[in-house]
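# Understanding the architecture of this molecule
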Amino acid sequence: MAAFHVMTGAGESFARPVVNRIGIADVFDALKRGFDDFMEKPSHYVFLCLMYPIAGVFLTLWTSGANLLPMVFPLMAGFVLIGPIAAIGLYEISRRREAGVDMSWTHALDVRHSPALPAIVAVGLMLLTLFVVWLVTAQTLYSNLLGEVFPRTMGDFTRQVFGTPQGMQLIIWGNLIGFVFALVVLAISVITFPLLLDRDVGAVSAVVTSIRATLINPVPVLLWGLIVAALLVIGTIPVFAGLALVIPILGHATWHLYRKLVAREAA
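Here is what the cut-offs are and how they apply
- Residues numbered from 1 in each chain as written.
- Predicted model: local features only at pLDDT ≥ 70, side-chain atom pairs only at ≥ 80, totals over all residues.
- Heavy atoms only, no water.
- Salt bridge = Lys/Arg side-chain N within 4 Å of Asp/Glu carboxyl O.
- Buried < 20%, exposed > 50% of the residue type's maximum accessible area, 1.4 Å probe, protein only.
- Core = buried A, V, L, I, M, F, W, Y, C linked by side-chain atoms within 4.5 Å.
- Helix = DSSP H or I, 4+ residues; strand = E, 2+ residues; numbered from the N terminus.
- Expected span 1.5 Å × (residues − 1).
- Phe/Tyr/Trp six-rings, centres within 6.5 Å; stacked < 30°, edge-to-face > 60°.
- Axes fitted to C-alpha atoms, helices over the stretch in contact; angles between N-to-C directions.
- Parallel < 35°, antiparallel > 145°, perpendicular 65-115°, else oblique.
- Left-handed = near helix turned anticlockwise from the far one by under 90°.
- Contact = heavy atoms within 4.5 Å.

## Overview of the pattern of salt bridges
Enumeration according to the criterion identifies 12 salt bridges in this entry. Measuring nitrogen to oxygen at the nearest pair gives 3.8 Å for the salt bridge that ties Asp198 to Arg199. Residue Asp198 is classed as partly exposed on the basis of its relative accessible area of 25%. Arg259 is paired through a salt bridge with Asp198; the nearest N and O atoms lie 3.1 Å apart.

## Regarding the nonpolar core
Grouped together as the largest cluster of nonpolar side chains are 51 residues, with contacts concentrated most on Leu196, Trp224, Leu257 and Leu261. Looking at this core element by element, the count peaks at nine residues for helix H13 (residues 243-261). Counting six residues, the second largest nonpolar core, distinct from the first, contains Leu141, Leu146, Val161 and Leu170.

## So, helix H7 (residues 117-146)
Taking 1.5 Å per residue as the helical rise, H7 with its 30 residues ought to reach 44 Å, and the 43 Å between its terminal C-alpha atoms agrees with that figure. Taken from the residues just after H7, Gly147 is the one with a positive phi, measuring 100 degrees.

## Description of the packing of aromatic side chains
Under the defined criterion, the tally for this structure stands at three aromatic pairs. Centroid distance Phe35 to Phe38: 6.5 Å. Interplanar angle 40 degrees. Geometry classified as tilted. Of the two residues, Phe35 and Phe38 both sit in helix H2 (residues 24-40), three residues apart, roughly one turn of that helix. Overall, the relative accessible area of 39% leaves Phe35 in the partly exposed class.

## With respect to the packing of helix H6 (residues 88-99) against H13
Contact geometry for H6 and H13: axes closest at 8 Å, N-to-C directions at 55 degrees. Here H6 is positioned oblique relative to H13, judged by the angle of their axes. Note on packing geometry: the crossing formed by H6 with H13 is right-handed. Contacts between H6 and H13 involve Leu90, Tyr91, Ile93, Ser94, Arg95 and Glu98 from the first element and Ile247, Pro248, Gly251, His252, Thr254, Trp255, His256 and Arg259 from the second.

Printed below as a string of structure tokens:
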């Protein structure tokens with residue numbers, strides 16, 4: 001029964017929320033509304049998201065110390081794949097602000113009481129699996145093109161990637177494959193977690209609704225994906241510190257994008 005509930009939600013039938021058509025202006029409006037949510041109590045959100053810059057620095061130092069320099073970029077790019085998981089608590093805060101109830105940062109942890117928690121966990125595990133597959137794919141591509149022995153210094157790594165034909169192939173194929181992974185994750189998760197927080201429709205229905213929203217609104221959703229990727233890259237440049245600002249703003253904006261993409265449930 002628990003597995004069934006994860007798949008279909010609380011209702012007896014498969015939920016099919018109504019998907020709206022939106023425009024490019026709606027994407028930027030969602031981003032503006034997310035920034036407004038962030039500015040309501042920015043210190044709380046920065047504190048909440050400090051764990052992500054710290055985790056990024058730790059992963060970079062770990063890969064460098066373990067002679068795994070080629071994995072630094074895939075790990076950084078992987079933030080795009082697991083970003084929807086990182087922002088779940090922020091969706092909850094935006095939901096509470098919209099409802100006009102207390103929105104202190106501690107309520108980000110209220111997600112653990114959501115009736116849709118099993119479905120949220122299921123989708124989260126799916127995204128984590130895709131993240132691991134991406135890392136394995138990136139490592140396999142590097143090994144096939146440049147060999148099994150990883151460079152020990154950043155200088156050696158830079159010369160290997162930018163100074164050899166195989167390195168240029170790595171750049172081209174790595175970015176193409178990464179784009180495919182990012183596109184898949186965007187389609188299956190652009191509004192999946194906000195939908196599950198708002199309605200217990202089940203993991204399958206939420207993912208299908210996210211894919212439908214992407215297919216109905218390909219240009220706005222793709223623009224949103226590009227904005228997310230660009231801001232996450234910018235956030236990782238200053239030793240990942242910018243993520244403390246970028247992630248909460250994107251998290252809140254995602255909630256508002258969800259509100260635009262999915263029609264409200266009939267009373």
